Amino acid sequence: MVTFGTATAAPGEKDTGRLEVGETRDGSTFGLPVAVVNGVDDGRTLYIQAASDGDELNGVGVIQRTLPQLDPTELSGTILVCGVVNYHAFQVAEHRNPVDDTKMNRAYPGDKTGTSSERIAAATFNAAISADYVLDLHQGSTSQMIDEVRVRCGTRHRLHEECLELAKVFGCGYILDQKGPDGQLARAAPDEGVPTIDPELGGCVGWDEQSIQRGVDGVFNVLHYYGFLDGHHDTRPQTRASGFEQYGSPVGGLIDLKPDLGDRVSRGETLFEVTDVFGEPKAEITADSSGVFWRARRLPQVATGEYVCSVGTNIDTY
Ligand SMILES: [Zn+2]
């Protein structure tokens, strides 16, 4: 038997249930939606989670489309799934947990007697570190972004090669290989010996079918490559960035982005122009380094200093 929250499955079975974490403000108990797929044959364990940021729904789309396709009688090993991590943020379609105004992916490994976010982090971290591999499905929030996979443990980490391999197997085409901030699952779980990646499936309001499909393909690539399912997956070379430069606007106004997402940009090339409300040019911002045009805001209006776009730099092929 494999148990995750109230989901319990014997070999060859799957089940869904709830992982109780606490109570809402009206005193009702709440639980994260979880699933177990227990393969008929022994094998390794994969943990997948989505909506760690409450407005990032593409990962939920990946789980919704993947679970019905998984037949435990054809599986070796176990898949543990948490479909919605940031329960409170998901209810109100926000990025951060409104109970404590915290970003979940800064709260790992969590604390089971701590804040709302720390308790949810601790509960899901337990499942993550019981696994052999972890996929923490994210996206570039509601900004527009390429589909990519982040390796966050840092190049000097003892699990760096394993995390990078997992990113290559997932196979979005792009990898950002850069140590992340404290509190990320993709940093905390490798510290416990579990290779972990943070697939970033585009960026949108609601769902993006193309990014969801990339995520579904990525999950099945992992299942085939690591022997959960019969069949084969050959990895393909990925475009890797090990630097990431963010650009803000030096003035207020309306922006006009010049490159498209995924375009190669050269140092000195124009990234965006800012005009005033009456169409008069105010500023032209150029790239400090060459790289790949990676992410950009969706709304055209900006204040001085406000985020506009990002370029992945130090590009190589891995
Ligand atoms: Zn996220």
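Residues numbered from 1 in each chain as written. Predicted model: local features only at pLDDT ≥ 70, side-chain atom pairs only at ≥ 80, totals over all residues. Heavy atoms only, no water.

Chemist: Hey, could you run me through helix α4 (residues 160-170) in this one?
Modeler: Within α4 the residues assigned to the buried category are His160, Cys163, Leu164, Leu166, Ala167, Val169 and Phe170. Of the residues trailing α4, Gly171 is marked for its positive phi of about 75°. (Buried < 20%, exposed > 50% of the residue type's maximum accessible area, 1.4 Å probe, protein only. Helix = DSSP H or I, 4+ residues; strand = E, 2+ residues; numbered from the N terminus.)

Chemist: I tried to follow the coordination of the zinc ion on my own but got confused; where do I start?
Modeler: Note on metal sites: the ideal angle is 109.5 degrees for four tetrahedral donors, and 90 or 180 degrees for six octahedral donors. At 1.9 to 2.6 Å from the zinc ion lie its protein donor atoms, namely Asp53 (OD), Glu56 (OE), Glu56 (OE) and His138 (ND1). Each of the four donor atoms around the zinc ion contributes to a set of angles spanning 54 to 148°, which defines the coordination as irregular. Sequence positions of the residues that donate to the zinc ion give the spacing D-x2-E-x81-H. Of this pair, Glu56 sits in the loop between β5 (41-50) and α1 (58-66) while His138 sits in the loop between β7 (133-137) and β8 (144-145), and the two are 82 residues apart along the sequence. There is no split in this pair, since Glu56 and His138 are both buried. (Donors = N, O, S within 2.8 Å, 3.2 Å for Na, K, Ca; no water. Tetrahedral: all angles 85-135°; square planar, octahedral: opposite > 155°, others 65-115°.)

Chemist: Where do I start with the pairing of strand β6 (residues 76-82) in this structure?
Modeler: Within a regular strand, side chains alternate between the sheet's two faces. Taking burial as the measure, the seven residues of β6 include seven buried ones, the bulk of the element. Two strands pair when backbone bridges link them, and strand β4 (residues 29-38) and β6 are joined in this way by five bridges, in the antiparallel orientation. Looking at the pairing, Asn38 lines up with Thr78 of β6. Regarding topology, α1 serves as the crossover connection from β5 to the parallel β6, and that connection is right-handed. (Pairing = 2+ DSSP bridges. Right-handed = clockwise from strand over helix to strand, strands pointing away.)

Chemist: In this structure, what is going on with unusual backbone geometry? I would like to understand it.
Modeler: Peptide bonds are mostly trans, and most non-glycine residues show a negative phi. Going from Tyr108 to Pro109, the amide bond is cis rather than trans, its omega being 10°. One non-glycine residue, Ala93, lies in positive phi territory at about 55°. Position of Ala93 relative to the elements: it lies in the loop between α2 (87-91) and α3 (116-129). The backbone of Ser141 shows a phi angle near 50°, a positive value even though the residue is not glycine. Relative to the helices and strands, Ser141 is located in the loop between β7 and β8.

Chemist: Which parts of the structure should I look at to understand the pairing of strand β17 (residues 291-296)?
Modeler: Within β17, six of the six residues are buried, which leaves the element mostly enclosed by the surrounding structure. Of the strand pairs in this sheet, β8 and β17 are connected by two bridges, and their pairing is antiparallel. Note that in β17 the partner of Gln144 across the bridge is Ala296. Sheet analysis places β17 next to strand β19 (residues 307-317), joined by five bridges and oriented antiparallel. The residue bridging Val292 from the neighbouring strand is Gly312, located in β19.

Chemist: Can you walk me through the side chain of Asp55 in this structure?
Modeler: Within the secondary structure layout, Asp55 lies in the loop between β5 and α1. Within the buried set, Asp55 has no salt-bridge partner at all; the shortest N-O distance to an opposite charge, 7.3 Å, is to Lys103. A polar atom in the side chain of Asp55 sits 3.1 Å from the side chain of Ser141. Look past the residues within four positions of Asp55 in its chain and what remains in contact with it is Ala93, Glu94, His95, Gln139, Ser141 and Thr142. (Lys, Arg positive; Asp, Glu negative; His and termini not counted. Salt bridge = Lys/Arg side-chain N within 4 Å of Asp/Glu carboxyl O. Polar contact = N/O pair within 3.5 Å; in protein donor to acceptor, adjacent residues only side chain to side chain. Contact = heavy atoms within 4.5 Å.)

Chemist: I'm lost on the packing of aromatic side chains in this one. Help?
Modeler: How two aromatic rings sit relative to each other is set out by the distance from centre to centre and by the angle between their planes. Scanning the entire structure with this criterion turns up seven aromatic pairs. When the ring of Tyr225 is compared with that of Tyr226, the centres are 4.9 Å apart and the planes differ by 75°; the resulting orientation is edge-to-face. A relative accessible area of 33% means that Tyr225 is categorised as partly exposed. The interplanar angle of 85° and the centroid separation of 6.1 Å between the aromatic rings of Phe244 and Trp294 together place this pair among those described as edge-to-face. Taken together, the residues span a long stretch of sequence, with Phe244 in strand β12 (residues 239-248) and Trp294 in strand β17 at a distance of 50 residues. Taken individually, Phe244 and Trp294 each receive the classification buried, so the pair is uniform in this respect. Joined through ring pairs, the aromatic side chains of Tyr133, Tyr225 and Tyr226 make up one cluster. (Phe/Tyr/Trp six-rings, centres within 6.5 Å; stacked < 30°, edge-to-face > 60°.)

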